[in-house]
Amino acid sequence: MEDRLEELEVRIRDILNSLIANIVSSVHNHENAISKTNSKPKLEIKLPEIPLPVFRGRYDEWPSFKSQFDNIISNNNDLSESQKLYYLKASLQGDAKLLEAVDDSFESLITALTTRFENKRLLTETHINAILEIEKLTSESARDIRTMTDILSKNIRALKLLGFERNNLSYLILLNIILKKIDRETRKQFEQSIDSNQIPELDRYIYNVFRKKKPNYR
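Residues numbered from 1 in each chain as written. Predicted model: local features only at pLDDT ≥ 70, side-chain atom pairs only at ≥ 80, totals over all residues. Heavy atoms only, no water.

In the nomenclature of an unreviewed UniProt entry, the protein is known as Integrase catalytic domain-containing protein of Trichonephila clavipes.

Put into structure tokens, the structure is as follows:
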């Protein structure tokens, strides 16, 4: 009887050891599978290279250029001062390339450019002149009217960035400038669309009404 019990105990122990070994092996295989999965190389998406912004020495282009160059180069802590200088020189064309700095360093050149072109008075004058010099239309043209309002919108945004907010007086002045630039038929349609005692809103009548003119002329 005792022999049979011992034999049974041995068999049970063998079965348990076998089960434990199988469990350990299964866990080990699972861990290896996870490890192999994690070790697989990740697919890298190659983004297109960002071209350097170009500055040709125009005052109205300076704010946009400076903002883009700062984001890409100036604020990049991985670049050395020499590398930043190289990229800055590579971005300059035309009159801007002829500008001389105190010494051959990035800080000196960017300071010289800022001193020359970050001129609020000249920038303001440039944007105002762009509005005043909008070409007068001689005939109905939806395309030309859209071009006109694009120029107006672009320069108003630029003036706002310089700190000049629009108000009722500026609305009225800008509207009258544009009304003197549009053709006679468009002016007539505009006048018929408002009440004689009404002071029209620039955004509503320039950006909405004029932009919606259908290009059925040329």
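Quick word on the overall build of the protein
Counting secondary structure elements, the protein contains nine helices and zero strands. Along the chain direction, N to C, the helices and strands of the protein fall in the order α-α-α-α-α-α-α-α-α. Relative to its full complement of 218 residues, the protein shows a buried share of 28%. Once local pairs closer than 6 in sequence are excluded, the contacts in the protein between residues at least 24 apart make up 65%. Summed over all atoms, the accessible surface of the protein reaches about 16100 Å², with 52% contributed by carbon and sulfur. (Helix = DSSP H or I, 4+ residues; strand = E, 2+ residues; numbered from the N terminus. Buried < 20%, exposed > 50% of the residue type's maximum accessible area, 1.4 Å probe, protein only. Contact = heavy atoms within 4.5 Å. Areas by Shrake-Rupley, 256 points an atom, 1.4 Å probe, with all protein chains shown as cover.)

Focus: the pattern of salt bridges
A pair can form between side chains of opposite charge whenever their charged atoms are brought close. In total, this model carries seven salt bridges according to the counting rule given. In this structure, the salt-bridge partner of Asp-104 is Lys-89, at a minimum N-O distance of 2.7 Å. Of the two residues, Asp-104 is situated in the loop between α3 (81-91) and α4 (106-117) and Lys-89 in helix α3; the sequence distance between them amounts to 15 residues. Given the relative accessible area of 59%, Asp-104 is considered exposed. What makes Lys-89 partly exposed here is its relative accessible area of 36%. It is possible to trace a salt-bridge network through shared partners that takes in Arg-58, Asp-60 and Glu-61. (Salt bridge = Lys/Arg side-chain N within 4 Å of Asp/Glu carboxyl O.)

A word on the nonpolar core
Nonpolar side chains tend toward joint burial in soluble globular proteins. Formed by 17 residues in total, the largest nonpolar core has its most connected members in Phe-55, Phe-65, Leu-88, Leu-92 and Leu-113. Breaking this core down by element, the ones donating at least two residues are α2 (62-74), α3 and α4. Per-element accounting of this core gives the leading share, six residues, to α4. Excluding its chain neighbours within four sequence positions, the residues that come into contact with Leu-88 are Phe-65, Phe-69, Phe-106, Leu-109, Ile-110 and Leu-113. (Core = buried A, V, L, I, M, F, W, Y, C linked by side-chain atoms within 4.5 Å.)

Some words on the packing of aromatic side chains
Applying the stated criterion to the full structure yields nine aromatic pairs. Ring geometry for Phe-69 versus Phe-106: centroids 6.4 Å apart, planes at 25 degrees, classification stacked. Taken together, the positions of Phe-69 in helix α2 and Phe-106 in helix α4 put the pair 37 residues apart, joining distant regions of the chain. Given a relative accessible area of 0%, Phe-69 falls into the buried group. The class for Phe-106 is buried, based on a relative accessible area of 7%. (Phe/Tyr/Trp six-rings, centres within 6.5 Å; stacked < 30°, edge-to-face > 60°.)

Thoughts on helix α5 (residues 120-132)
Here α5 contains 13 residues, and its C-alpha end-to-end distance of 18 Å stays within 8% of the 18 Å for a straight helix at 1.5 Å per residue. Taken together, the buried positions of α5 are Leu-123, Thr-124, His-127 and Ile-131. The buried side chains of α5 occupy one side of the element, clustering within an arc of 100 degrees when seen end-on. Between the side-chain oxygen of the N-cap and the backbone nitrogen of Arg-121 there are 3.2 Å, and the N-cap of α5 in question is Asn-119. (Expected span 1.5 Å × (residues − 1). Arc of directions from axis to C-beta. Polar contact = N/O pair within 3.5 Å; in protein donor to acceptor, adjacent residues only side chain to side chain.)

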